[in-house]
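Per-entry structural report
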4 protein chains.
Amino acid sequence: MPEIKHECGLFGVYGCLDAPEKVYYGLYSLQHRGEESAGIASAAGSRIVSHKGMGLVSNVFKPQDLTRLRSQAAIGHVRYSTIGASEWHNAQPFVGEYSKGQVAIAHNGQLVNAKSLRMSLEKAGAVFHTQTTSDSEVILHLMAKPEYRNNLPGLLGDLKGAFSLLILTPEEMIAARDLNGFRPLCIGRLNDGYVVASESCALEQIGATYLREVSPGELIYIDKNGLRSETFAPARPSYCIFELIYFSRPDSVIFGENVHLFRKSLGEKLAEECPVEADIVISVPEGGNSAAMGYSQASGIPLERGFVRNHYVGRTFIQPGVQQRRQKAEIKLNAIAPVVAGKRVVVVDDSIVRGTTSKSRFGLLKRSGAKEIHVRISCPPHRFPCYYGIDFQIKEELIAAVRSLEEITEYLEVDSLGYLSIEGLLSCTSAPKDYCVACFAGKYPVPTEITKKAPEDSEEWEERTGEHIIVV
Amino acid sequence: MPEIKHECGLFGVYGCLDAPEKVYYGLYSLQHRGEESAGIASAAGSRIVSHKGMGLVSNVFKPQDLTRLRSQAAIGHVRYSTIGASEWHNAQPFVGEYSKGQVAIAHNGQLVNAKSLRMSLEKAGAVFHTQTTSDSEVILHLMAKPEYRNNLPGLLGDLKGAFSLLILTPEEMIAARDLNGFRPLCIGRLNDGYVVASESCALEQIGATYLREVSPGELIYIDKNGLRSETFAPARPSYCIFELIYFSRPDSVIFGENVHLFRKSLGEKLAEECPVEADIVISVPEGGNSAAMGYSQASGIPLERGFVRNHYVGRTFIQPGVQQRRQKAEIKLNAIAPVVAGKRVVVVDDSIVRGTTSKSRFGLLKRSGAKEIHVRISCPPHRFPCYYGIDFQIKEELIAAVRSLEEITEYLEVDSLGYLSIEGLLSCTSAPKDYCVACFAGKYPVPTEITKKAPEDSEEWEERTGEHIIVV
Amino acid sequence: MPEIKHECGLFGVYGCLDAPEKVYYGLYSLQHRGEESAGIASAAGSRIVSHKGMGLVSNVFKPQDLTRLRSQAAIGHVRYSTIGASEWHNAQPFVGEYSKGQVAIAHNGQLVNAKSLRMSLEKAGAVFHTQTTSDSEVILHLMAKPEYRNNLPGLLGDLKGAFSLLILTPEEMIAARDLNGFRPLCIGRLNDGYVVASESCALEQIGATYLREVSPGELIYIDKNGLRSETFAPARPSYCIFELIYFSRPDSVIFGENVHLFRKSLGEKLAEECPVEADIVISVPEGGNSAAMGYSQASGIPLERGFVRNHYVGRTFIQPGVQQRRQKAEIKLNAIAPVVAGKRVVVVDDSIVRGTTSKSRFGLLKRSGAKEIHVRISCPPHRFPCYYGIDFQIKEELIAAVRSLEEITEYLEVDSLGYLSIEGLLSCTSAPKDYCVACFAGKYPVPTEITKKAPEDSEEWEERTGEHIIVV
Amino acid sequence: MPEIKHECGLFGVYGCLDAPEKVYYGLYSLQHRGEESAGIASAAGSRIVSHKGMGLVSNVFKPQDLTRLRSQAAIGHVRYSTIGASEWHNAQPFVGEYSKGQVAIAHNGQLVNAKSLRMSLEKAGAVFHTQTTSDSEVILHLMAKPEYRNNLPGLLGDLKGAFSLLILTPEEMIAARDLNGFRPLCIGRLNDGYVVASESCALEQIGATYLREVSPGELIYIDKNGLRSETFAPARPSYCIFELIYFSRPDSVIFGENVHLFRKSLGEKLAEECPVEADIVISVPEGGNSAAMGYSQASGIPLERGFVRNHYVGRTFIQPGVQQRRQKAEIKLNAIAPVVAGKRVVVVDDSIVRGTTSKSRFGLLKRSGAKEIHVRISCPPHRFPCYYGIDFQIKEELIAAVRSLEEITEYLEVDSLGYLSIEGLLSCTSAPKDYCVACFAGKYPVPTEITKKAPEDSEEWEERTGEHIIVV
């Protein structure tokens, strides 16, 4: 399991033959956004039918499942779980029935007022099926309330936090994105139908043409009469910069940027901010590939291949035991000793979270004979939690939240360590003010219930916010 | 799949070590009440955890599942589906969360006002998770309503129809039975704890001592302080006679009667009402075994074994094709030709529903050389639907609803056919007035929404109610 | 798992449409002869294709498996394992290729010279695939030897012990039975084709007509020109009496006897040899059903139903723990207390092996209030091992081999115990001299390698053979 | 499934704790050598126990399987099937028993005289379990023959063709490699034990130290007394060049060359032999990565990232239908349009087999707006079959065997196409004469049965051998 978990990927198709099959392929190309469960809900005739399961898209669906779902409108979802909730019935799309009929809902993001919404719904008599806070179920309950039943814009305006949404009824597909636009969501065209996806790479997968992003604060209805757009709240963009740095696929266009080229420019900036004399530049694959290419080209230090990744991502199990420790770190990655032996090596990666995996990987280089190891990270240090849908490790485990740059360098046993600055990072975007960098800077664009409930804790965080951002 | 489907079996344990494991064994002995899905919900600490699945108890649960559920209080459920609803998420116990916390609910029976209850709940904003009318979910939603939240007796008093209920919260286990007492439910004691079961055979399975039935209109709370009983409505018994005739296990005591001895007495009565000269009496196993023994002893005609049943009940699949027809009928049952050849045979069975299976079985006897075949059925002809939890075939398929006794005899190609009379049937009980015989007589003890909604149809049935009941 | 394990059931079809499907149904009705693995080999075109697996027939085969095997000739097999060999690759039919092409072989019985045959084959260079002595593989290796390659009668004449065999090549199906005829094997006709089965009930299952038994010492070739018979050795019948007492299905005709009627006559004989004053006769289902009926009719004591069996034979798992002991014994069987309470009960069963299960069952009757318990067993005490294909418990575990009648009665905590005598048993057959009763009497019709190798051990057995046979 | 299939990967461990677990990790890192089945055989005490299955290593083995196999000596195998033989019982290691006891055997390569060996074995009475020619089973049968039983060197000397072998008995592990050394095999040390692997990357995976290659013609015995080496035939090296070009992992050292650096040098050579004016160099990942890096550095044209690969290799199913065609080609790979749009692009790949996949990938670039597409292949055109263990497409499907360079260029719809020359290829090795280039040049170092049996066919190939090798 990755150290940083995103919450979801969305894909919806309306008005195309074999819509569930197209959703299947769309989810397959969004698999990196959620490996834990997958689901598709389809508007087959007058009913919503669904199929969900734990695991990868290719494991969850068999041909007969898609055949059973066959229709011209369907939405799908892939997800990682948040802690303790990796159970079957939390898989999405969530399907329910209320006074207006059946509805399926799929959601990417995190509401910051989900808990109070749920409590007031329960007070009024609501019964929840999911055991932990599932934002999808909260939204569905709100949709069922008489006051919101015919006022979806009003409902969406009362939600706080991050939500990219897909809703399917027997008659229409609805897409919406919070006014901050934290999570991406885009629209494409396929023949006479429409496609909505978390990332543009999924549109290309099924041969659809990219139209545009769903705007922050926009609500889109797609039915047999076509597409109709509405603004439920004025946009106040604070796009999640981490989508560009880490989550999205290099071939996607997100927030107007191509992900690979953006990451390559981070590498160039990093070469400028954190230069070093060295013989070769290598990346930690796959995350560091684009930035390493940028670093090499900007610095003139030749690019080499220092690591090989085992592409068989099937979950290997690890049996306990001291002897297995070494394997644990290296099972996915091996160094190419003849490449790094005797060399001064710049290693570019996209993040350091807890530091343990990084330490083990750089150790591989050392054992393979690297003379010097200079680590360069293509983003600033992670020091604050995210409340908008990314599941970082808890604060105590974020190495940059509890250790200084020197301490980290020492811990990793490398010769130097450099992070990109927040300013440098934002300078690579075309609209620096439209991004959320809370996980680096500690300033949150939308206040959350959670911080309010732990004042002494947030104080501590507040203090840290004042700290100087560490750059070499 | 059987031609007559019951809806459920319930089993709950409170205050015993390894309660989920005991529920597992209890459900195993109630398996005949529902082969389609099984589930257990357990009050593990302050949370309700559950495990459910499609299939037999022995397939749904693995040892590790029970280990995960380990607690001192748990309820379980086995069920058949009603048409079109044999999906995973309809398996019980149904688990939800409302303002008072988590709750699991398991239900046997059928509410006659479920549809209108659900509609008014949805009007008020409720979101249903199950796609078809699941009475359990309706009851749970009512429990969550502010007006019922602290008034379970009032809630139960507003339900109409058949319900034997088990409710589990982290603190207590609740059992209740409708005022008509349609479905059985009994209480037993195991060490310091209590056990509630649909049938007494399940108590014996785990070594519990039978205490008594839950009374019609009774509500029982079991918690760490022991058992507390309350009457939510005055009893007006109309026990389902079909529980005794067909569903329950021969070793159970239901409505005060031992099932085997009751069925044996039906056979004795049948010998009296429908005598015939013959050489041997045989049964259609297993259903006819007890009654055949009674018929033999009352008539003096020796009991023999004319059929052998293949005990490997694993679902065999049948591939289409004319050649398979013969096998289809005989895959579970074969005749013992040397026993019946040249004999005048009385065949005792417990019911004829559509007639096709019966016809094929009697045909086996004919082909094995039986000289005469006299069919005796240990209950009256089925001519009316049940609205209290039994899923007979639809009206058009009930052979006795659409054909006369002579026509049926001719269709079955047997020498004579005799059904037990309603009076004869009731005379075998110790309290004839306390039983519902609506499926034979067409008089319904509790009016239903369903008949109201199809007046022209109910008219036809009303007319039939006037008909003379067919007895030889 | 049963206490007495048989080794196999065979079924073959030649010259019929959808032969593998017919074999599937045939095996389904022979399932009682082996629950551990099932397999079908089919002569599809010029190749032998097969499908095998662990578990029941209904679990091992899916419709597509049969479709893949589709042909007009196929053989199948069900088996129990012998100790330590319940692994996949021991499942039959065994398929191999030798100089004459591909061949599949299925076997019921046990060769007494298998070990020495295998050793001499290995000495000559043979490689065995099965890890333990699989008689099928030994026979196939012999078939491949140049000296036997064109002399199957000679090969069969050199085998010693019990073997009912089915062999399939792309051109023909071959059936053979050892000269003692230990295990049953019969031939039937279906349209223009032939069917070979371990028991006649399987012929009836697919609508085939019973022709006759394969004779001891007979070799039958079936190909497109029809059936050709040959005698490879003069018959010296010693049919396994235990096939009639215990293994075969009541509706089968085996060694010329209908199994149910034979067992009923055992009950009649038992009533004569071991009479007792009592109120009711009950059986331990299913094994004791036929004999109990005979005992009741011969003695005039009314037949009742004292036990109910749970028909859901899916393997329930039992978790360890003192508390589970009671359940362990009773999970398949429960007593009907109202039937036995206060009564003097005759309980008829077909065997007592280790005695533990029996003790627990009779204990159920005691706890249900039975006044007296008189156990009657419809065969003599088991005191010797079988070397011809039945896997009894080892000697030390056969209660009758190590305890006297009085000791067993005391151990079982019953009021009296009676076994049928060997003479009484044989008097119920139509050819008493043609049966093997070695497991009761210790006289073996064919000498075995195994006894020869443990002389001091066989001495002890010899001594026991001299003992008086215990009859009440 | 890849277009070019290798036959196997081997891994063995002797004298280490938890040997099967180490084999598991070793196989995991050799997964690229065979995705179809995996197996491990272990010398647990005096017996060989094994576990095999279809699919990836991570699917075939569960923790309990490894626990069951636990021992200090084990060998493992991964494989691709050859046509028509992808069945369970062809999975290796092959386990059998002969006069000297149990043995497991795992094999990588292909014997050219397997068919005649098998025929003579069958003539002498051998029974084969595998249906198609399994070289492992042939070798095991030879080992069982009296004349070879104590003469393994003699046996190996009589085998012709490619074989890297691992043999496990309860006492020892044996490794051997054919005198040509077609397939790689190396030895490593782990604590007091030894490890044998197809590639050095697998040694590193478990922390073992690389010692050396098993030499062509060498036979190695490893037992509790350590390692003993013997030469069974004088080495006549003809290493498979395709192992370096295509099969092996970039971090392995094979035939004395690091795979990544070798491939990078192929790219450099290719830049020299087939230069072109262009804006960027991209690779077809993963195969073309190293060569593209070499091409870029030698030519001075900047390296870019033009394709993104979907790393979720779980087998997606493709439903038939015209509409799916586009997806089929692109499901694993997508172009990064903003990178290639308007550019003159050099695309480097490691091979073109049938040409269909390549055509579709280059089409992606075209549709993404590339101005010019110049394809450079880092090996010569494939024009001849391999008889030593690589399963190319059949001759008619090898595009370079049936079309000229101009025709291929036209078919692919690209602007230019360049292959590396045979001379250029060999110049990148340190011992050009020690390699087999039969698949490019048609000259076979070891004569095969197969060509002998089809003279008119081999003639045709001979003729082609005379053709001019196509180089730009």
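In this report, the structure presented in the accompanying data block is examined.

Buried accessible area, meaning the area lost when the parts come together, often serves as the stated size of an interface. Counting residues at the interface gives 64 residues for chain A and 64 residues for chain D. Interface of chain A and chain D: buried area, both sides summed, is about 5,600 Å²; carbon and sulfur atoms make up 50% of it. One can count 2 salt bridges joining chain A with chain D. Among the ionic pairs, glutamate 304 of chain D bridges to lysine 264 of chain A, the shortest N-O distance being 2.5 Å. Counting across the interface, chain A meets chain D through 16 residue pairs in polar contact (both at pLDDT 80 or more). In terms of residue count, the dominant contributor to the side of chain A that touches chain D is helix H1 (residues 19-29) of chain A (6 residues).

Residues and elements named next belong to chain B. Counting buried positions along strand S22 (residues 372-377) yields 5 of 6 residues, so the element is predominantly enclosed. Two elements, strand S21 (residues 344-349) and S22, share 6 bridges in a ladder whose sense is parallel. Pairing of valine 345 across the sheet is with isoleucine 373, part of S22. As a crossover connection, the stretch from S21 through helix H13 (residues 356-367) into S22 is right-handed.

Moving on: the nonpolar core. Grouped together as the largest cluster of nonpolar side chains are 158 residues, with contacts concentrated most on Phe440 of chain B together with Phe440 of chain C. Leu333 of chain A together with Ala335, Ile336 and Ile399 of chain D belong to the second-largest nonpolar core, a separate cluster that totals 156 residues.

Further remarks concern the sheet that holds strand S6 (residues 94-98) of chain B. Residue and element names in this part refer to chain B. Strand order across the open sheet formed by 6 strands is S6-S7-S8-S9-S13-S14, with antiparallel pairing between neighbours. Each of the sheet's edge strands pairs with one partner strand only, and the pair in question is S6 and strand S14 (226-231). Averaged over all adjacent pairs, the angle separating strand axes in this sheet is 20°, with direction ignored. With 8 bridges joining them, strand S7 (residues 101-111) and strand S8 (residues 161-168) adopt antiparallel strand pairing. Looking at the pairing, alanine 104 lines up with leucine 168 of S8. The strands that helix H5 (residues 135-144) touches are S6, S7 and S8; relative to S7, the one it contacts most, it runs at about 130°.

Moving on, we get to the side chain of glutamate 122 of chain B. With respect to the element layout, glutamate 122 of chain B can be found in helix H4 (residues 114-123). For glutamate 122 of chain B, the contacting residues outside a window of four places in its chain are Glu97, Tyr98, Ser99 and Arg149 of chain A together with Phe128 of chain B.

Our next topic: the relation of the copies chain A and chain D. Expressed as a screw operation, the relation of chain A to chain D combines 0.0 Å of axial shift with a rotation of 180°, fitting to an RMSD of 0.0 Å. Such a turn and shift between the copies fits a two-fold axis. Within chain A, histidine 311 of chain A has its C-alpha nearest the rotation axis, a separation of 3.4 Å. Mapped onto chain D, 100% of the interface residues of chain A are again interface residues, and the two copies thus contact each other with one and the same surface.

Calculation criteria
Residues numbered from 1 in each chain as written. Chains lettered and ligands numbered in written order. Predicted model: local features only at pLDDT ≥ 70, side-chain atom pairs only at ≥ 80, totals over all residues. Heavy atoms only, no water. Contact = heavy atoms within 4.5 Å. Buried area = accessible area lost by both parts, 1.4 Å probe. Salt bridge = Lys/Arg side-chain N within 4 Å of Asp/Glu carboxyl O. Polar contact = N/O pair within 3.5 Å; in protein donor to acceptor, adjacent residues only side chain to side chain. Helix = DSSP H or I, 4+ residues; strand = E, 2+ residues; numbered from the N terminus. Buried < 20%, exposed > 50% of the residue type's maximum accessible area, 1.4 Å probe, protein only. Pairing = 2+ DSSP bridges. Right-handed = clockwise from strand over helix to strand, strands pointing away. Core = buried A, V, L, I, M, F, W, Y, C linked by side-chain atoms within 4.5 Å. Axes fitted to C-alpha atoms, helices over the stretch in contact; angles between N-to-C directions. Least-squares fit on C-alpha atoms with pLDDT ≥ 70 in both.

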